[in-house]
Structure formats: structure tokens, C-alpha cells
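# Structural overview
Read off the chains here:
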Amino acid sequence: MSSEKSADDARQVWDVVVVGAGPAGASAAYAAAVAGRSVLVLEKAELPRYKTCGGGIIGPSRDALPPGFELPLRDRVHAVTFTLDGKFTRTRRSRHMLFGLINRPEFDQQLVEHAQKAGAEVRTGVTVARVEQHGPAVPDRRTVAVVLQGGETVLARAVVGADGSASRIGAHVGVKLDQVDLGLEAEIPVPATVAEDWAGRVLIDWGPLPGSYGWVFPKGDTLTVGVISARGEGAATKRYLEDFIARLGLAGFEPDVSSGHLTRCRSEDSPLSRGRVLVCGDAAGLLEPWTREGISFALRSGRLAGEWAVRIAEAHDAVDARRQALNYAFAVKAGLGVEMAVGRRLLTVFERRPGLFHTALTGFRPAWNAFAKITRGSTTLAEIVRTHPVAHRVLSRLDR
């Protein structure tokens, strides 16, 4: 573990400090710790804690998990029921599992434990007020000061911001956003007879508001029911959730949890670093714009952030640190950025013509096969558009 001599005493300097212990932060911490670096994770909540999230684990999420990680699955999905604002119901089935369903408290806690086993230390119940890369709190140009509420200062060679969609580290970096959506969700306990009807099957409803959709994810004796739509339509989004729950015959069951959350997508030119500070996951505005799926983006960008934070920690001057930060940004944009660009195009089309998506997925087998391959992780939206001429031509025509 590295240390730095101040004028008066020896102060510990961590190689990497990660702010936030969600999937992005835990993945970053694991990647840096497994490389043999000293890593500290700072989390404002006590773990485990609830997060508003559907909890769907698609193939890219599974593939980004640490070696030996056993998913705490609540259900395995083999069928999807699609509806168009409650109408034109059609169920598609797959012989192979499409994706798994988890509860975020368990999932996040296991990720943190894997980071700890790799050598990371975790402090919970602490809130980061700001980071400083210049000034009296910073002993030299290779060090970042992480200032906690209450005045305590933690020193690091590199900092990874993974503190969620309202990120203070993202504000420091200057993250810019061009899409903000409101998700509302209810965790509804149901009797065994109702739970049995949903086992192994999810519902996706293309909603009445532009770009909106709803979902039902079964997790044993609880159904996670939610909707998402553009911010600014709060009252209409709430009505959509209420109508959705009533239409499903679930209005008579009292939710254990009712919650809301804003999801934020980055602008294409938004920075991913500033000096020795990187951002990943929701803090960087990294998620799929059409579905607003964020777990796989958090896991993948977190792993990259942890790997490049190690290189930044090793950098002896600002020029080398900047080079490593640019390499991180290139790695993110070359993979996740390409997927986001295709997702933006799909969202634009979906906002105008949700019925087209419903018809394609329920009546056109190649579209369903593509959906199944994407959820299983054998391909991506970007790969399909790039390698399939028909998909490329159709999307290009719809773009017009």
C-alpha cells in the first residue's frame, strides 16, 4: 500500500478510491484490487440497500461478472408477453433462458463482497462532499483529495466516480446529459397462485406516452412492476403505472415498496474523465437509451474504469495520466458508445411508431430471434445493425 509524506506526518494515499458501491463501483473496485492495488470504496448508504431497478440480468451483464460469481437468481425467464398499451397480447417463448431476475440488494452486496475478497476495503455510511485536484488539501500533482462531509480528507492516486445518476463526481468531471427519464416501480407481494402464473415469464407493455413502456418481472412471491417515460410527464407516468397495475388485476395487493428514479443518458460528447478522476455507470450517464437498461453498462464500464484507474495511479505526471484517461474514454466509446448510438436511433423510431416494434417482435420471427440473442448476450444491437444488411436498411429508412 502506497503512502505519502506530508509536512507533519505520514498520510496514507490509496492507489484507487471508488465513490459508490453499486454494480459500477463494485466492478471498478474488483478490477483495481485484483490487479494488486490498494483500493477503498466509499458508500453513503449502509449495505445492503434497496435500489429502484427491474433487476433483469441479460447476457452482457452475466459475462461481465467476476470469475466465480454465482447470480442470486429469483427466476429464469423463458417467455415474454408483449402488449401494446394493454392490447394485442402475444407471448413468445424460448427453449433457452433469455435472462435472469435478481433483487438488487442481494446482487449488489455479493459484488461488493467479491471486491473485498480481492482486497478492496469498504466504508459505508460516508458521504463524499467533493473532490479536489488542486489546492491546500492536495499534497502533490499525483494526488486527488476526496473530501467527506464533516471535513475528513481521503487521498488517492486515482478516483473512480460511480455514485449514481445524481453524481457529485460526475458534476466535477462535467458530465453532460441529453436524455432524462422517470422510472416508477412497485414491489408487490402476491399469493402463490398468482406467482405461479408469472413464473418464468415477463411482460413488456409498449406504453401510451412517447418512448414509454412497462414491465412485470416475477421474483418468487413478489412481482416487480414498473413503467418508464420521459421526465416532465410525471403525472401521466404515475397514471400509466396505476392503470397498468389495475389492468393486470394487481390493484388489490399492497406494495412492499413504491419508488421512483431518474435515469440519465450522456451526450455523445460528454467527458468521461477530468485529471485523475474517471466516471462510469450511471455517474457517467452510461445506459442503453431505448430500454434504459443500465446494469450491463454499469458492470462493463466499471470494470474498464477500474483497469484504467490502475494505469492512472501509476502515471508519474499529468501528461501520462491524461493519456490513460483518453484510452479509457476510447475503450468506453468503442464498445458501449456504439451500442448507445444505435439505442438512440431505436428510441427515436419507437417514440413515433411503438406499434411497429410490437408487430415486429410478435409477428416477425427474425425480429424475435434478434431480441432473444441480444438478451442472451450472443450479439448486440450494434452488431446486428452492422452485420445484417436488412436490419441496417430498415433502420436507415425509419430514421427518415
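In this convention, every chain numbers its residues from 1, walking through the sequence in written order. The predicted nature of this model means local features are confined to residues of pLDDT at least 70 and side-chain atom pairs, given and counted, to a pLDDT of 80 or more, with totals for whole chains, interfaces and linings taken over all residues. Note: side-chain values were computed over all heavy atoms of the structure, leaving out hydrogens and water.

Lines fitted to C-alpha atoms define the axes here, with helix axes fitted over just the stretch in contact, and angles between the N-to-C directions of these axes take values from 0 to 180 degrees. Counting from the N terminus, the helices are the DSSP runs of H or I reaching at least four residues and the strands are the DSSP runs of E reaching at least two. Relative to each other, helix H9 (residues 354-363) and helix H10 (residues 365-376) sit at 90°, their axes nearing to 5 Å. Relative to H10, the element H9 is oriented roughly perpendicular. Only Arg 365, Ala 367, Trp 368 and Phe 371 of H10 make contact with H9, whose side of the interface consists of Ala 360, Leu 361 and Gly 363. Under the convention adopted here, Pro, Cys and the residues Ala, Val, Leu, Ile, Met, Phe, Trp and Tyr are nonpolar, Asp, Glu, Lys and Arg are charged, and Gly plus all remaining residues are polar. In the contact of H9 with H10, the residues fall into five nonpolar, one polar and one charged. Roughly parallel here means an angle under 35 degrees, roughly antiparallel means over 145, roughly perpendicular means 65 to 115, and every remaining angle is called oblique. Here, residues are in contact when the closest pair of their heavy atoms is within 4.5 Å.

Another point: helix H7 (residues 295-314). Expected helix span is taken as 1.5 Å per residue step, with the number of steps being one fewer than the number of residues. The end-to-end C-alpha separation of H7 is 29 Å, in line with the 28 Å expected for 20 residues at 1.5 Å each. Counting buried residues in H7 gives 16 out of 20 residues, a clear majority hidden from the surface. Buried means the residue's accessible area, taken with a 1.4 Å probe over protein chains only, is under 20% of the maximum for its type, while exposed means over 50%, and partly exposed covers the values in between.

Our next topic: the side chain of Asp 108. Topologically, Asp 108 is positioned in helix H3 (residues 104-117). Polar contacts involving the side chain of Asp 108 include one to the side chain of Arg 49, which spans 2.7 Å. If we ignore the near neighbours within four places in the chain, the residues touching Asp 108 are Gly 22, Pro 23, Arg 49 and Lys 51. Here a polar contact is recorded for every N or O atom pair within 3.5 Å, except that within protein the pair must consist of a potential hydrogen donor and a potential acceptor, and residues adjacent in sequence are included only if both atoms are side-chain atoms.

Another point: the sheet that holds strand E8 (residues 99-101). Two strands are said to pair when DSSP picks up at least two bridges between them. With respect to topology, three strands assemble into an open sheet ordered E4-E8-E5, the strand pairing being antiparallel. Two strands in the sheet have a free side with no partner beyond their single neighbour: strand E4 (56-57) and strand E5 (75-77).

Aromatic rings from Phe, Tyr and Trp, with only the six-membered ring used for Trp, were paired whenever their centres fell within 6.5 Å, and each pair was classed as stacked if the ring planes differed by under 30 degrees, edge-to-face if by over 60, and tilted otherwise. Inspection of the entire model under this criterion finds 14 aromatic pairs. Between the aromatic rings of Phe 82 and Trp 368, the centroid separation amounts to 6.2 Å while the plane-to-plane angle is 85°, which identifies the pairing as edge-to-face. Remark: Trp 368 occurs in helix H10 and Phe 82 occurs in strand E6 (residues 79-84); sequence separation between them is 286 residues. What links up through ring pairs into an aromatic cluster is the set Phe 82, Trp 206, Tyr 213, Trp 215, Trp 290, Phe 350, Phe 357, Trp 368 and Phe 371. A cation sits over an aromatic face here: Arg 201 above Trp 198, 4.4 Å from the ring centre. The side chain of Arg 311 reaches across the aromatic face of Trp 308, ending 4.1 Å from its centre. In this scheme, the term charge over a ring applies when either NZ of a lysine or CZ of an arginine sits within 6 Å of the ring centre and within 35 degrees of the ring normal.

A separate point is the pattern of salt bridges. Should a side-chain nitrogen of Lys or Arg be within 4 Å of a carboxyl oxygen of Asp or Glu, the pair is scored as a salt bridge. Tallying each qualifying case throughout the model produces 16 salt bridges. One salt bridge connects Asp 85 with Arg 247, and the closest N-O pair in it is separated by 3.5 Å. A residue pair is termed long-range when its members are at least 10 positions apart, and Asp 85 in the loop between E6 and strand E7 (87-93) and Arg 247 in helix H6 (residues 234-247) qualify at 162 residues. In this structure Asp 85 comes out as partly exposed when scored by relative accessible area, which is 28%. Residue Arg 247 is classed as partly exposed on the basis of its relative accessible area of 38%. In this structure, Glu 339 engages Arg 300 in a salt bridge whose closest nitrogen and oxygen atoms are separated by 3.0 Å. Of this pair, Glu 339 sits in helix H8 (residues 318-352) while Arg 300 sits in helix H7; the two residues are 39 residues apart in sequence, bridging distant segments of the chain. The burial state of Glu 339 is the same as that of Arg 300; both residues are buried. Residues joined by salt bridges that share partners form a network here, namely Arg 49, Arg 104 and Asp 108.

For the bond running from Leu 47 to Pro 48, omega is -5°, close enough to zero to count as cis. Note on placement: Pro 48 falls in the loop between strand E3 (39-43) and E4. Even without being glycine, Phe 88 reaches a positive phi, approximately 55°. One can find Phe 88 in strand E7.

On to the environment of Phe 99. You can see Phe 99 is positioned in strand E8. Its relative accessible area of 7% is what places Phe 99 among the buried residues. C-alpha of Phe 99 to C-alpha of His 78: the two residues are 21 residues apart in sequence and 7.7 Å apart in space. For Phe 99, the residues in contact, after removing those within four places along its chain, are Gly 56, Ile 57, Ile 58, Arg 76, Val 77, Val 202, Phe 217 and Thr 375.

Okay, the sheet that holds E6 next. If you walk across this open sheet you meet the seven strands as E7-E6-E14-E15-E16-E13-E17, and the pairing is mixed. Lying at the two open borders of the sheet, with one neighbouring strand each, are E7 and strand E17 (257-266). Recorded for the sheet is a direction-independent mean angle of 20° between the axes of neighbouring strands. With six bridges joining them, E6 and strand E14 (residues 201-206) adopt parallel strand pairing. Each residue of the ladder has a partner; that of Thr 83, found in E14, is Asp 205. Set on the sheet, H6 makes contact with strand E13 (177-189), E14, strand E15 (213-219) and strand E16 (222-230); between it and E16 the angle comes to about 150°. Docked against the sheet, H10 engages E6, E7 and E14, running at close to 125° with respect to E6.

So, on to the confidence of the model for the protein. Known as pLDDT, the predictor's confidence for each residue is given on a scale from 0 to 100. In this model, the protein carries an average pLDDT of 93, and 95% of its residues clear a pLDDT of 70 or more. Confidence over residues 1-10 falls short of pLDDT 50; this stretch has 21 contacts with residues more than four positions distant or in other chains.

It is worth spelling out the packing of H7 against H8 at this point. Contact pair H7 / H8: the axes reach a minimum separation of 9 Å and the direction vectors enclose 165°. Comparing the axis directions of H7 and H8 gives the class roughly antiparallel. The hand of the H7/H8 crossing is right-handed. Across the interface between the two elements, Phe 297, Arg 300, Ser 301, Leu 304, Ala 305, Trp 308, Arg 311 and Ile 312 of H7 pack against Ala 321, Gln 324, Ala 325, Asn 327, Tyr 328, Ala 331, Val 332, Leu 336, Glu 339 and Met 340 of H8. Two helices cross in a left-handed way if the nearer one is turned anticlockwise from the farther one by less than a right angle. They cross in a right-handed way if the turn is clockwise.

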